[in-house]
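Topology and contacts: notes
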Amino acid sequence: MEQLLTTCLYDRHISLNAQMSPFGGFMMPIQYSSITNEHIAVRTRAGMFDVSHMGEMFVSGPDAEKFVNHIFSNDIRGMHPGKVLYGMMLYPQGTVVDDLLVYKEFEAGHFLLVVNASNISKDYDWICSQAEGYDVKVGNASAVWGEIALQGPLAEKLAVEALGLDKVRELGFYTYAEMEWKGDRMIVSRTGYTGEDGFEIYCSHKAICEIWDILLEAGVEPCGLGCRDTLRFEAGLPLYGHELSDTITPVEAGLGMFVKLDKDEFIGKDAVAAQKAAGISRKLVGIELDDKAIPRAGYPVESDGVQVGTVTTGYRSISTDRSVCVAMLDRPFTELGTKVEVRIRKKTFPGTVCRKRFYETHYKK
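Residues numbered from 1 in each chain as written. Predicted model: local features only at pLDDT ≥ 70, side-chain atom pairs only at ≥ 80, totals over all residues. Heavy atoms only, no water.

Further remarks concern the layout of surface pockets. In this model, the largest pocket occupies a volume close to 1100 Å³. Around the largest pocket sit 48 residues that line it, and Tyr86, Gly236, Leu237, Pro238 and Leu255 are the ones nearest its centre. Among the secondary structure elements, those contributing two or more residues to the lining of the largest pocket are strand S5 (84-90), strand S6 (96-104), strand S7 (110-115), strand S12 (198-203), strand S14 (282-289) and strand S19 (347-354). Here the lining of the largest pocket takes four residues from S14, the largest share from any one element. Per-class residue counts for the lining of the largest pocket are 28 nonpolar, 10 polar and 10 charged. (1 Å grid on protein atoms, 1.4 Å probe; cavity = no way out; pocket = protein on both sides within 12 Å on 5 of 7 lines; lining within 4 Å. Points joined across faces, edges and corners; volume = space filled by probe spheres on them. Helix = DSSP H or I, 4+ residues; strand = E, 2+ residues; numbered from the N terminus. Nonpolar A, V, L, I, M, F, W, Y, C, P; charged D, E, K, R; others polar.)

Counted by the stated rule, this structure contains one cavity of 30 Å³ or more. Looking at the largest cavity, its volume works out to about 80 Å³. Lining the largest cavity are Arg232, Phe233, Gly236, Leu237, Pro238, Glu243, Ala253, Leu255, Val326 and Lys356. Grouping the amino acids of the lining of the largest cavity by side-chain chemistry returns six nonpolar, one polar and three charged.

Okay, the nonpolar core next. Counting 41 residues, the largest nonpolar core has Phe49, Met88, Tyr103 and Leu244 as the members making the most contacts within it. Contributing elements (two or more residues each) for this core: S5, S6, S7, helix H7 (225-234) and strand S17 (323-330). It is S5 that provides the largest number of residues to this core, a total of four residues. By size, the runner-up hydrophobic cluster in this structure holds 31 residues, among which are Leu9, Ala46, Ala155 and Ala159. (Core = buried A, V, L, I, M, F, W, Y, C linked by side-chain atoms within 4.5 Å. Buried < 20%, exposed > 50% of the residue type's maximum accessible area, 1.4 Å probe, protein only.)

Here we come to the packing of aromatic side chains. Inspection of every chain in the model, using the stated rule, returns 11 aromatic pairs. Ring geometry for Tyr91 versus Trp126: centroids 5.2 Å apart, planes at 70°, classification edge-to-face. Here Tyr91 is found in the loop between S5 and S6, whereas its partner Trp126 is found in helix H4 (residues 120-129), with 35 residues between them in sequence. Trp126 matches Tyr91 in its accessibility class, with the two residues each being buried. Members of the aromatic cluster, joined through ring pairs, are Tyr103, Phe106, Tyr176 and Tyr202. Looking at Arg43, its charged tip hangs above the ring of Tyr359, at a distance of 3.8 Å from the centre. (Phe/Tyr/Trp six-rings, centres within 6.5 Å; stacked < 30°, edge-to-face > 60°. Lys NZ or Arg CZ within 6 Å of the ring centre and 35° of its normal.)

So this is what it looks like as structure tokens:
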């Protein structure tokens, strides 16, 4: 049996009586008070998440920009230091190794890649395996960095007043700044996974524990991965293993905008270009049920008794009080307004295909 890892904040989760559960190879908090309370706190005030399980990898060297552009679907050419880009690493057949953030550092030829916790080892091996012929150094620093996500409409106020991070006022969406916390290097980006304004704070384990304590004392709601999922789902943000995987392409997931086919080359380019040219046979869409029944991942979606797709994520949306899901459907059934049914155990419940963003996001542009 695989030994589960813990983050630097594990003892604090236990002291707060968090409900703990395995996730991505780590023992992580699922909720503290309740998923609903924590979800509402982020939507209306502020909440903080331990996301120290995420992976941090650094790529540096004379060929760093060329190499990162080779393994990354988005385009980092001309990317300004302090900018963050979302995109994917693809297999040659166009399916997804992982989705990730790329940070262009202020030191020339240096990039930070932030990857999903469940994929750290796989991603590191993949990146290293593609580096032959490039003058680069790849380092996996996941074990030495901690991370807190501070999210919600009061995030900026708290970052300034409770933590003294005045520079965050200057940050636009998907930008970051280098700072220090008592001599330790700190990276603070205006990014998140909730659909609200907020920041992701990277620093040493000791510093992250101190920052957590300060924010807790300031009244910030500690939040678990349960509401992180309900929040990202409402905002139309994908989760690897559900809306993205090694069997799903970015085009099928509706993320083609993050695949820059005008680049000279990158891994998976030819496959994605061919799929775009030929047209896709299936697509991720939203579905709203007429009933209060709750669709869950893996439930079949049917039309006239024939399965035409599968739910990837579903909830009774906390923010909108609607029973909604995201599902991968066969192409003839993906048009907005199409009537389908979701099978929940022995019954089917009628629904309508809709946009897969169920909540209006509130990012600071």
